[in-house]
Amino acid sequence: MASRQKAKGTSLETAVRDYLAWALDDPRIHREALHGARDIGDIGGVRYQGQPVTIECKNTRRLSLSEHLAEAEAE
């Protein structure tokens with residue numbers, strides 16, 4: 001079960017990375033490696049007004065904005 005969930009997440013992260021690299025015309029956008037407790041988000045290399053942006057991807061059936069936002073803020 002865990003590998004199925006991981007595959008779903010990887011698929012979404014890859015699609016988001018590919019789309020952002022295309023839409024922002026920036027090949028430096030990439031999927032981040034797992035960092036355990038020091039996780040820094042799922043997509044890296046994105047900037048807004050010169051500042052780095054943390055992108056946390058969630059492929060879930062249940063929308064839990066407060067939980068997901070808290071995770072993104074922590075990262």
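Here is what the cut-offs are and how they apply
Residues numbered from 1 in each chain as written. Predicted model: local features only at pLDDT ≥ 70, side-chain atom pairs only at ≥ 80, totals over all residues. Heavy atoms only, no water. Helix = DSSP H or I, 4+ residues; strand = E, 2+ residues; numbered from the N terminus. Contact = heavy atoms within 4.5 Å. Lys, Arg positive; Asp, Glu negative; His and termini not counted. Charge placed at Lys NZ, Arg CZ, Asp CG, Glu CD. Buried < 20%, exposed > 50% of the residue type's maximum accessible area, 1.4 Å probe, protein only. Core = buried A, V, L, I, M, F, W, Y, C linked by side-chain atoms within 4.5 Å. Salt bridge = Lys/Arg side-chain N within 4 Å of Asp/Glu carboxyl O.

K.L.:
I'd love a proper account of the overall build of the chain, names of residues and values included.
P.N.:
A count of helical and extended segments in the chain gives 2 helices and 4 strands. The order of helices and strands in the chain, counted from the N terminus, is α-β-β-β-β-α. Seen through its C-alpha atoms, the chain measures out along the principal axes to roughly 35 × 25 × 25 Å. Taking as baseline every contact in the chain between residues at least 6 positions apart, the subset at least 24 positions apart corresponds to 24%. Within the chain, one finds 11 positive and 12 negative side-chain charges whose respective centroids are separated by 6 Å.

K.L.:
Quick one: what's the story with the environment of Ala-70, residue by residue and with numbers?
P.N.:
With respect to the secondary-structure elements, Ala-70 resides in helix H2 (residues 65–74). Here Ala-70 falls in the partly exposed class, since its relative accessible area comes to 41%. Residues Ala-70 and Gln-49, 21 residues apart in the sequence, show an inter-C-alpha distance of 23 Å.

K.L.:
Tell me about the nonpolar core, and please be specific about residues and values.
P.N.:
Counting 6 residues, the largest nonpolar core consists of Leu-20, Ile-29, Ile-43, Val-46, Ile-55 and Cys-57. If we ignore the near neighbours within four places in the chain, the residues touching Cys-57 are Leu-12, Glu-13, Val-16, Asp-42 and Ile-43.

K.L.:
Break down the side chain of Glu-13 for me, with residues and values.
P.N.:
The residue Glu-13 is located in helix H1 (residues 2–23) in this model. Glu-13 has contacts with Arg-31, Asp-42, Ile-43 and Cys-57, leaving out every residue within four places of it along the chain.

K.L.:
Quick rundown of the pattern of salt bridges? Include the residues and the values.
P.N.:
Using the criterion set out here, one finds 5 salt bridges in the structure. Two residues, Glu-13 and Arg-31, come together in a salt bridge whose shortest N-O distance is 2.9 Å. Of the two residues, Glu-13 is situated in helix H1 and Arg-31 in strand E1 (residues 30–31); the sequence distance between them amounts to 18 residues. On the basis of relative accessibility, which here comes to 12%, the residue Glu-13 falls in the buried class. Note that Asp-18 and Arg-17 form a salt bridge whose closest N and O atoms lie 2.7 Å from each other. Given the relative accessible area of 40%, Asp-18 is considered partly exposed. A relative accessible area of 26% means that Arg-17 is categorised as partly exposed.

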